[in-house]
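# A closer look at the structure
What follows is the residue order along each chain.
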Amino acid sequence: IITPVPVPTVFGGTDKCMLMTFHDQTPLRRVEEMRADFVANASHELRTPLAALSGFIDTLQGPAKDDARARERFLGIMHTQATRMARLIDDLLSLSRVELSAHVRPDTLVDIVPIIRQVADGLEPLARERQVTVDIDLPDTPAPIAGDREELLRLFENLIENALKYGASGGKVIVSLVAAASGEGAPEIRVLVRDFGPGIAPEHLPRLTERFYRVDVGDSRAQGGTGLGLSLVKHILNRHRGRLLIESVPKNGATFTACFPQPKTAVVA
Ligand code: ADP
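Scoring rules and cut-offs
- Residue indices begin from 1 for each chain and proceed along its sequence in written order.
- Reporting in this predicted model follows two pLDDT cut-offs: at least 70 for local features of residues, and 80 or more for side-chain atom pairs to be given and counted; totals over whole chains, interfaces and linings ignore these cut-offs and use all residues.
- Derived side-chain values reflect all non-hydrogen atoms in the structure, with water molecules and hydrogen atoms excluded from consideration.
- UniProt positions are given in the numbering used here, feature names are shortened, and annotations may be inferred rather than shown by experiment.
- Definition of nearness: a residue and a molecule or strand are near each other if at least one heavy atom of the residue lies within 4 Å of the molecule or strand.
- Residues adjacent in sequence count toward polar contacts only when both atoms are side-chain atoms; beyond that, a polar contact is any pair of N or O atoms within 3.5 Å, and within protein one must be able to donate a hydrogen and the other to accept it.
- Surface exposure here means Shrake-Rupley accessible area, sampled with a 1.4 Å probe, where a residue is shielded only by the protein chains that are shown.
- Helix and strand definitions here come from DSSP, where helices need a minimum of 4 consecutive H or I residues and strands a minimum of 2 consecutive E residues; each element is numbered from the N-terminal end.
- Each residue is assigned to one of three groups, with Ala, Val, Leu, Ile, Met, Phe, Trp, Tyr, Cys and Pro labelled nonpolar, Asp, Glu, Lys and Arg labelled charged, and all others, Gly among them, labelled polar.
- For two strands to be treated as a pair, DSSP must find at least two bridges joining them.
- Between the N-to-C directions of two axes lies an angle of 0 to 180 degrees, each axis being a line fitted to C-alpha atoms and, for a helix, fitted only over the stretch in contact.
- Two residues qualify as a contact provided that any one of their heavy atoms is within 4.5 Å of a heavy atom in the partner residue.
- Whether a residue is buried, partly exposed or exposed follows from its accessible area with a 1.4 Å probe, protein chains only, as a fraction of its type maximum: under 20%, in between, or over 50%, in that order.
- Scored between 0 and 100, pLDDT is the confidence that the predictor attaches to each residue.

An unreviewed UniProt entry lists the protein chain under the name histidine kinase, with Bradyrhizobium lablabi given as the organism. Database annotation for the protein chain, UniProt heading Subcellular location (unreviewed entry): "Cell membrane". Within the UniProt record for the protein chain, the comment given under Catalytic activity (unreviewed entry) is "ATP + protein L-histidine = ADP + protein N-phospho-L-histidine."

This is the structure we're talking about:
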């Protein structure tokens, strides 16, 4: 940007001078590109089940009008597609809510042990369906962190649900809690969710927390996934000053570890 500015001279009065300012537009452009990508992805993901719904409505109004068996089957598929759309919208809203409040750190101490137990209990039907045994290895004493209860429920739900969905059917999932130290030596509380499924190839690991990133889109869709779960997990952990560690040995499962800083005062509200 070139702006003419009056500059005082040593003899008094002013001279006209040109002032050149350089603004690096790259970060701004990158944010705009990411936003455009996000809108395109979200629209595409919503349009897919919507197109299926419209198709089945047409069929039910036309060729399958008087076929009771086809009607029953198509209504079942339409129900699945509608549930999928609702879940996608739910995840998009959660993501934008967490992003909007990213700068506000939760300051209430909450015990995460009962939160993890509540999530595991809620996922029991899925574990039964997948014939997976869930081993819960949690301490009998409270593990308080400065946190948002609802967001923590969402976070553990995503990690344990993924382990059940993508881990080995008929296998095992281990959920445990340990105290450890971060790389800088700060005390942390870590929750580990380990499965023994096919694992994740190393090239996918850095991209797993990107919105809509899926290793296998067909597999994720078949499991009712939206590709937003781990992105939400990452944002929730950021707001809690935490971090996500992902380790995987292909063919021998994956471990997702949510690390939270240990609060200095440990009285649970
Ligand atoms: P989705 O809604 O598809 O489950 P996520 O963001 O939760 O989306 O996960 C992104 C992708 O990471 C999944 O589609 C799946 O390919 C992969 N993934 C997540 N958890 C696991 C796991 N425990 N084992 C293997 N792959 C996983």
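So that's the structure; there's more coming.
What follows concerns the site of the ligand. The ligand sits among 18 residues. The nearest are Tyr166, Asp195, Ser220, Thr226 and Gly227. In the environment of the ligand, an oxygen atom lies 3.2 Å from a nitrogen or oxygen atom belonging to the backbone of valine 215. Measuring from an oxygen atom of the ligand, one finds a backbone N or O atom of glycine 227 at 2.8 Å. Protein contacts shield 96% of the accessible area of the ligand, which totals 530 Å² for the unbound molecule. When residues of the shell around the ligand are traced back to their parent elements, those giving at least two are helix 5 (149-166) and helix 7 (229-239). Looking at which element gives the most residues to the shell around the ligand, the answer is helix 5, with three residues. Its residues placed into classes, the shell around the ligand shows eight nonpolar, seven polar and three charged.

Strand order in the open sheet made by the five strands is 4-6-7-9-8, with mixed pairing throughout. A single partner strand is all that each edge strand has here, and the edge strands are strand 4 (133-137) and strand 8 (243-248). Taking the axes of each pair of neighbouring strands and ignoring which way they run, one obtains an average angle of 20° across the sheet. Each of strand 8 and strand 9 (254-261) touches helix 7; the most contacted strand, strand 9, lies at about 20° to it.

We now examine the pairing of strand 9. Where burial is concerned, most of strand 9 is hidden: seven out of the eight residues are buried. As defined by bridge partners, strand 7 (residues 187-195) adjoins strand 9 across seven bridges and the pair is classed as antiparallel. Bridge pairing in strand 9 places arginine 190 opposite cysteine 259. Counting the residues between successive antiparallel strands, the hairpin from strand 8 to strand 9 contains five residues, one of them, lysine 251, with a positive phi of roughly 75°.

Moving on: the confidence of the model for the protein chain. Averaged over the protein chain, the pLDDT score is 90; the fraction of residues at 70 or greater is 94%. For this predicted complex, the interface confidence score (ipTM) comes to 0.99, while the overall pTM stands at 0.85.

With that settled, the discussion passes to the pairing of strand 8. When strand 8 meets strand 9, the two strands line up antiparallel, connected through six bridges. Pairing of leucine 245 across the sheet is with threonine 257, part of strand 9.

On the secondary structure map, glutamine 81 appears in helix 2 (residues 68-100). We classify glutamine 81 as buried; its relative accessible area is 19%. Once residues within four sequence positions are removed from consideration, glutamine 81 is found in contact with Pro49, Ala52 and Leu53.

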